[in-house]
Structures are given as structure tokens and as C-alpha cells.
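Observations on the three-dimensional arrangement
The residues making up each chain are set out below.
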Amino acid sequence: MKPTIHFIHEKFVYFNELIFNGKLPLPSFQLTNATSFLGKYQRKEVNGELIDVITMSTSEELKEQELEDVLIHEMIHFEIRYLGLQDTSAHGHLFMCRMTWINAVHKRNISVSHRRGAQDEILPSRSKRGVCTVALMCFESGEKGIKVMSYSYNSINEFMNKVSNVSAVKSVEYYIVNDSFFDKYPRSTALKYYRISDEDIAKHLPEKAKLST
Ligand SMILES: [Zn+2]
């Protein structure tokens, strides 16, 4: 199938709720017959006003699920811009971290090349600092602890499985951040956690950075 404005609009609303906590404002949607890309996110100046535009190409026949993955890819670009986060490049550490997360948690197959089979994408080792996914665990005791998560698709799944079997953990929330505060914590799938104060939670884990699971 090929995308229509109606299709993109409906899917945007659906995935915004499902994956992005409903936080993204509605952008403009455009179609193109360009063959150089399948999807594009841009912030454009129109009559002195900045507007967000998601463009999708009608140049190729794709499966519905593939079109959805293209749209979600563009929504990640939009989210990073919306959160005011600085990525290392167009598909930098932040993008890859977010993409891997969504592929793992929401069972998608998003890639940076818009091709299939990129869900094992693992970040290069130089990305050990700055951008990370943080799990905030609230325990039955009232204590709170964090775990800075390792990047890979498998380790995200492994951690979520493990933590769901620990009865002392009352709830877990996940955040995506670009904050050197977390550099001092090791990254692994181990269930070891580090205590964190409410003050540091308020300061370093803002509500808008929360990920949906
Ligand atoms: Zn992209």
C-alpha cells in the first residue's frame, strides 16, 4: 500500500498515544513522490512561524507495518526535537537508543535505513556517555533506585523480564535522558540498583522524558 494523509494522521495519533505518551503535538503531514527517501521530519519556517512537518513518500509499495515503521522513525526525530535534546548526529546515540527501545518494547522493526532486520542495532562503544535509558524502580519499602540500562535490544528485553519477576519492585518507569549525571553509573543488565533521592529524581528524570512501556 501507499500512504495517504488520512493514513498518516490516524497512525500518528495512534502511535503518539501508544509509544510517545501522547506528548507530541500534531504536526503537518505531506506526501511526496520523491524516491530518495521514504519519510522525512522537518521543522520549517512558514510565514515567520515554525511548523513541524512529517513527509512520506508514495514512491514505493510497502506493507502497512513497514509504513508504520517509517512513520515511527520520523516521530523519533520529532520527539528528540520536541524534548530539546541534542543528538550526536542525525541518527546519533540518542536516536539509536530510542529506536532500540521502541523495537524491543513495542516489537517494531524500525531501522535507520528503512530496511528490515535492523533490530539488533547496538551502539558503538564510544556512546558510553551522555545519552542513556534509565530505569527508576520504586520498591515496596518506599525506597527508590535507578539502573542505567545497557543499549542493546536483547539487554532491554532481558532487564524488563528480570525486573518483572522481582516482587520487591512495586513499579518501574523508564526515561531517556542526555545528562552527564548518569555517567558515573555502570551500564549492564544486572539487577543491581543505586539509591536515588527524590530531589535528584526531580532534577534529572523530567516527566516529559518518561518512556511508555
Ligand atoms: Zn531518520
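Computed from a predicted structure; not experimentally measured.

For helix α2 (residues 64–83), with 20 residues, the first-to-last C-alpha span of 28 Å sits near the 28 Å given by 1.5 Å per residue. Backbone geometry just after α2 places Gly-84 at a positive phi near 70 degrees.

An order of β1-β3-β2 is seen for the three strands of this open sheet, with the pairing classed as mixed. Bordering the open sheet on either side are β1 (28–32) and β2 (39–46), each of which pairs with just one other strand. For this sheet the average axis-to-axis angle between neighbouring strands, irrespective of direction, equals 30 degrees.

For the rest of this paragraph, the subject is the domain arrangement of the chain. Split into domains, the chain comes out as domain 1 (5–84) and domain 2 (88–213). Here domain 1 and domain 2 have C-alpha centroids that lie 24 Å from each other. In this assembly, 13 residues from domain 1 lie in contact with 14 residues from domain 2. Contributing elements (two or more residues each) for the side of domain 1 that touches domain 2: α1 (5–19) and α2. Among the elements that line the side of domain 1 that touches domain 2, the one with the most residues is α2, at seven residues. Across the side of domain 1 that touches domain 2, the residue classes tally to nine nonpolar, two polar and two charged.

Within the fold, Tyr-185 resides in the loop between β6 (169–178) and β7 (187–188). Since 17 C-beta atoms lie within 10 Å of it, Tyr-185 is described here as partly exposed. Here the alpha-carbon distance between Tyr-185 and Lys-208, two residues 23 residues apart in the chain, equals 22 Å. If near-sequence neighbours (up to four positions away) are discounted, Tyr-185 is found in contact with Val-148 and Tyr-194.

Take the pairing of strand β5 (residues 144–149) next. Along a regular strand, successive side chains alternate from one face of the sheet to the other. The sheet contact formed by strand β4 (residues 131–139) and β5 spans five bridges and is antiparallel. Across the sheet, Met-137 pairs through a bridge with Gly-145, a residue of β5. Here β4 hands over to β5 after four residues, with Gly-142 in that stretch at a positive phi of 100 degrees. Looking at chain direction, β5 and strand β8 (residues 194–195) are connected through two bridges and run antiparallel. Residue pairing for β8: Ile-146 is matched across the bridge by Tyr-194. One ladder, built from two bridges, connects β5 with β7; its direction is parallel. Across the sheet, residue Val-148 finds its bridge partner in β7, namely Arg-187.

Criteria and thresholds
- Residues numbered from 1 in each chain as written.
- Predicted model: local features only at pLDDT ≥ 70, side-chain atom pairs only at ≥ 80, totals over all residues.
- Helix = DSSP H or I, 4+ residues; strand = E, 2+ residues; numbered from the N terminus.
- Expected span 1.5 Å × (residues − 1).
- Pairing = 2+ DSSP bridges.
- Axes fitted to C-alpha atoms, helices over the stretch in contact; angles between N-to-C directions.
- Domains from an automatic or database assignment.
- Contact = placed C-beta atoms within 7 Å.
- Nonpolar A, V, L, I, M, F, W, Y, C, P; charged D, E, K, R; others polar.
- Buried ≥ 20, exposed ≤ 12 C-beta atoms within 10 Å, placed from the backbone.

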